[in-house]
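# Understanding the architecture of this molecule
Residues per chain are reported as follows:
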Amino acid sequence: MADTILVIDDEQNYLLVLSTLLEDQGYNVTAIPDPETALAYLEESEVDVVITDMKMPKLSGQHVLEHVRRNYPQVPVLIMTAFGSIEAAVEAMRVGAFDYISKPFSNDELLLSVAKAVQFAHARQQNRLLLESMSKQFGVGNIIGGSRPMRRVLEMIQRAGPSRSTVLVSGESGTGKELVARAIHLTSPRKDQPFVSVNCMALNPGVMESELFGHEKGSFTGAVARKRGRFELADGGTLFLDEIGELSHETQVKLLRVLQERRFERVGGVDPIEVDIRVVAATNKNLQKAVSEGIFREDLFYRLNVVHIEMPPLRERREDIPLLAMHFLHKFSRENQKIFKGFTPDALNYLQGFDWPGNVRQLENVIERSVVLADAETIGVEDLPAEIKDEEAQYKSAVDMLPTRINLPDTLEKIEAALIRRALAKSEFVQVKAAELLGVSKSLLAYKLKKYKIVVH
Ligand SMILES: Nc1ncnc2c1ncn2[C@@H]1O[C@H](COP(=O)(O)OP(=O)(O)OP(=O)(O)O)[C@@H](O)[C@H]1O
Ligand SMILES: [Mg+2]
């Protein structure tokens, strides 16, 4: 099907000229002189590209641009400005115009701009379809991941979610434990009831109990009114106990009792309160170890650990990185009203080869910063923040690392991966050339690429 271009200009002459020119090229053109009518038209029809004049009575091109960026972020907008009004053009680019055309324009220039915008719209649409199919295929809600460890996690969620079993989610910081807890709630019959979360680290032990169980008026200084605790608030729904490893001994005892008896009393109260809750707990500690060290009660551990979901660190599921990176690129370009096609192969290799001590959260932050800083339509290595590239710098002088403790095999692997990435980038991703640069056979390089999950497009 031909691409549809919406042209908005209050000057009929221009409308006519543009329509003829674009129709001759095989585009499907809708020409509307009134911007308000044009915006109404957008609501009803699929449009691939918008071309709008800047200066119009009633609504300015700027307004049209902002409206389209906000409501149809996938549609590129070309702005036409009167010759010489360069400030307006610059401003339009700043707020997310795809390109600007100054009037009078040369036909070739205009067509080139339009062709680029159309191409861009296609890439955008393809990305969106890809993301949609990815999340249908692999995701529960907005959990992205197609790697084997993540498929197992998603399977566990789907299996355990609908039950009432207590679930313990463990894993390093930023691996998505809270996201999983929410997904469990959403796949359960309780999904329309509250999801109440308590961060056991943020609250000091004194406040913890009244926070969890509530208190009666006058039960302690400052308890000026009766207050309901999180257990009561979560009645019928799911209670998420985050950072469970941080609970004091005293609170551990109380929590165990509630989990066993499903009832409790408010602080300072005598009447037992019964609740119907499902508990999901999360920790970035090794609870088993805390049990053997006597820090965490064994009986509570077994109560919580009915179903255990272990979140793999991101470096152990590198094949998810491109999916996640695209997901976050999409998210932040929408938020920042920018249009991005994707990443250069170099940039993707850096992302995929990095160790991500802060896991998915760190990747999310890195993509957000790149989106804000980048001004080209594709994110390249130069747009990635230093923290990722520094890793390579660090290995440049690997010998200097020795004063601190290192892990030799791990470090060597990182250096090797960094060298391979660099060689590939230098040889424009022609594997034979990269192998030559590295002085290894093509098959050995192929093996290493697989090992380090380095992609070659
Ligand atoms: N598989 C995933 N798909 C999409 N987004 C993810 C995924 N995993 C994590 N995220 C995002 O990464 C961020 C961190 O996730 P989350 O807060 O769930 O981690 P966490 O394990 O609870 O971390 P912490 O231990 O530091 O509390 C969130 O913004 C979350 O949406
Ligand atoms: Mg968390």
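Quick caveat: nothing in here was measured; it's all calculated off a predicted structure.

Quick notes on the rules
- Residues numbered from 1 in each chain as written.
- Chains lettered and ligands numbered in written order.
- Predicted model: local features only at pLDDT ≥ 70, side-chain atom pairs only at ≥ 80, totals over all residues.
- Heavy atoms only, no water.
- Helix = DSSP H or I, 4+ residues; strand = E, 2+ residues; numbered from the N terminus.
- Buried < 20%, exposed > 50% of the residue type's maximum accessible area, 1.4 Å probe, protein only.
- Contact = heavy atoms within 4.5 Å.
- Areas by Shrake-Rupley, 256 points an atom, 1.4 Å probe, with all protein chains shown as cover.
- Lys, Arg positive; Asp, Glu negative; His and termini not counted.
- Charge placed at Lys NZ, Arg CZ, Asp CG, Glu CD.
- Salt bridge = Lys/Arg side-chain N within 4 Å of Asp/Glu carboxyl O.
- Near = heavy atom within 4 Å.
- Polar contact = N/O pair within 3.5 Å; in protein donor to acceptor, adjacent residues only side chain to side chain.
- Domains from an automatic or database assignment.
- Pairing = 2+ DSSP bridges.
- Axes fitted to C-alpha atoms, helices over the stretch in contact; angles between N-to-C directions.
- Buried area = accessible area lost by both parts, 1.4 Å probe.
- Phe/Tyr/Trp six-rings, centres within 6.5 Å; stacked < 30°, edge-to-face > 60°.
- Lys NZ or Arg CZ within 6 Å of the ring centre and 35° of its normal.

Secondary structure summary: the protein chain contains 19 helices and 16 strands in total. Structurally, the protein chain occupies a C-alpha span of about 85 × 65 × 40 Å along its principal axes. Expressed as a percentage of its 457 residues, the buried residues of the protein chain come to 49%. Nonlocal contacts in the protein chain, meaning residues at least 24 apart in sequence, comprise 70% of its contacts between residues at least 6 apart. Here the protein chain has roughly 22800 Å² of accessible surface; of this, 51% comes from carbon and sulfur atoms. Charged side chains of the protein chain number 56 positive and 64 negative; the gap between the two group centres comes to 7 Å.

Let us now look at the pattern of salt bridges. Here the structure, examined in full by the defined rule, presents 27 salt bridges. The closest approach of N and O atoms between Asp 276 and Arg 190, which form a salt bridge, is 2.7 Å. Here Asp 276, found in the loop between strand S12 (273–274) and strand S13 (278–283), pairs with Arg 190, found in the loop between helix H7 (177–186) and strand S7 (195–199); they are 86 residues apart in sequence, far enough to count as distant. Since its relative accessible area comes to 10%, Arg 190 is described here as buried.

Residues in close proximity to ligand 1 total 17 residues, the closest being Ser 173, Gly 174, Lys 177, Arg 361 and Glu 364. Here an oxygen atom of ligand 1 sits 2.8 Å away from a polar atom, N or O, in the side chain of Arg 361. Summarising the interface, the protein chains cover 86% of the accessible area of ligand 1, which totals 630 Å² for the free molecule. In terms of domain composition, the shell around ligand 1 takes at least three residues from each of domain 2 (148–312) and domain 3 (317–451).

Here we come to the sheet that holds strand S5 (residues 99–103). The strands making up a sheet associate through hydrogen bonds between their backbones, and the pairing can be parallel or antiparallel. Ordered in space as S2-S1-S3-S4-S5, the five strands form an open sheet in which the pairing is parallel. Two strands lie at the open edges of the sheet, namely strand S2 (28–32) and S5, each paired on one side alone. Each neighbouring strand pair of the sheet contributes to a mean axis angle of 20 degrees, computed without reference to strand direction. Here five bridges tie strand S1 (residues 4–8) to S2, and the two strands are oriented parallel to one another. Considered in S2, the bridge of Val 7 is made with Ala 31. Sitting on the sheet, helix H2 (residues 35–44) is in contact with S1, S2 and strand S3 (49–53), with an inclination near 160 degrees to S1.

Domain boundaries assigned for the protein chain yield domain 1 (4–135), domain 2 (148–312) and domain 3 (317–451). Averaged C-alpha coordinates put domain 2 and domain 3 at centres separated by 37 Å. On the domain 3 side, the residues contacting the seven residues of domain 2 number seven residues. Together, the buried faces of domain 2 and domain 3 total about 580 Å²; carbon and sulfur atoms form 40% of this surface. In this assembly, domain 2 and domain 3 are joined by zero salt bridges. Across the contact surface, domain 2 and domain 3 share six residue pairs in polar contact (both at pLDDT 80 or more).

On to the environment of Glu 436. Summarising the element assignment, Glu 436 is placed in helix H18 (residues 431–438). For Glu 436, a relative accessible area of 66% gives the class exposed. With 13 residues separating them along the chain, Glu 436 and Ala 423 place their C-alpha atoms 9.1 Å apart.

For the rest of this paragraph, the subject is the packing of aromatic side chains. Enumeration over the complete set of coordinates arrives at nine aromatic pairs. With a centroid separation of 6.5 Å and 35 degrees between ring planes, the pair formed by Phe 328 and Phe 332 is classed as tilted. In this pair, Phe 328 and Phe 332 both sit in helix H13 (residues 321–335), four residues apart, roughly one turn of the helix. Residues Phe 328 and Phe 332 agree in their burial class; the two are buried. Between Phe 354 and Trp 356, the aromatic rings sit 4.7 Å apart at their centres with planes inclined by 80 degrees, giving edge-to-face as the arrangement. Cation over ring: Lys 103 sits above Tyr 14, and NZ or CZ is 4.0 Å from the ring centre. Between Arg 421 and the ring centre of Tyr 350, over which it is positioned, the NZ or CZ distance is 5.1 Å.

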